[in-house]
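# Working through the structure, step by step
Each chain, letter by letter, is given below.
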Amino acid sequence: MVKKNKKESIVKCIIEGIQDRKGEKITIADLSGIEDTICRYFVICQGGTPSQTLAIEDSISEKVRESEGRKPMFVDGKGYAHWIVMDYGEVIVHIFTPEERQYYDLDHLWADAKLEEIPDLD
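To start, this report covers the structure provided alongside it.

Cut-off values and rules
Residues numbered from 1 in each chain as written. Predicted model: local features only at pLDDT ≥ 70, side-chain atom pairs only at ≥ 80, totals over all residues. Heavy atoms only, no water. Pairing = 2+ DSSP bridges. Helix = DSSP H or I, 4+ residues; strand = E, 2+ residues; numbered from the N terminus. Axes fitted to C-alpha atoms, helices over the stretch in contact; angles between N-to-C directions. 1 Å grid on protein atoms, 1.4 Å probe; cavity = no way out; pocket = protein on both sides within 12 Å on 5 of 7 lines; lining within 4 Å. Points joined across faces, edges and corners; volume = space filled by probe spheres on them. Nonpolar A, V, L, I, M, F, W, Y, C, P; charged D, E, K, R; others polar. Disulfide = S-S within 2.5 Å. Buried < 20%, exposed > 50% of the residue type's maximum accessible area, 1.4 Å probe, protein only.

What follows is about the sheet that holds strand 4 (residues 83-87). Ordered in space as 3-4-5-2-1-6, the six strands form an open sheet in which the pairing is mixed. Because the sheet does not close on itself, it has two edges, and the strands there are strand 3 (74-76) and strand 6 (114-118). Between one strand axis and the next, the sheet turns by 15° as a mean value, whatever way the strands run. Taken together, the three bridges between strand 3 and strand 4 define a ladder with antiparallel strand orientation.

Empty pockets left among the atoms are what a rolling probe the size of a water molecule brings to light. Taken as a whole, the largest pocket encloses approximately 190 Å³ of empty space. In this structure, the largest pocket is lined by ten residues; those nearest its centre are Glu8, Ile28, Asp30, Tyr41 and Glu116. Going through the elements one at a time, helix 1 (2-20), strand 1 (24-30) and strand 6 are the ones with two or more residues in the lining of the largest pocket. When its residues are assigned to classes, the lining of the largest pocket shows four nonpolar, no polar and six charged.

This part takes up the state of the cysteines. Counted by the stated rule, this structure contains zero disulfides. Considering cysteine sulfurs only, Cys45 is the nearest to Cys13, which forms no disulfide, with 15 Å between them. Judged by relative accessible area, which is 5%, Cys13 ranks as buried.

Here's what the structure looks like:
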């Protein structure tokens, strides 16, 4: 039970980091019920521009470091900034521009995952 609360805590921090930089269309894919997955959760979101995706990545890093005392094990995609991936082990964050998100369609790649959509802030 302790591990589940810890995972929920990091996901909450990630969502706060996304929302602090006005990230949109947040989807949490719960992969915990699927065998042989690389993580337990995907958090998928988008920013309108590469500059915004970079700001979202920075905000997530800061929130998780402050609240959880953790840094991502791996970050990729900051150079092009159309798809940034942050690996926190049990949670992998995908930050897209709208065009890249539509093209790769990760939201529907894991058909067996439980998807939860977080409403956009006004």
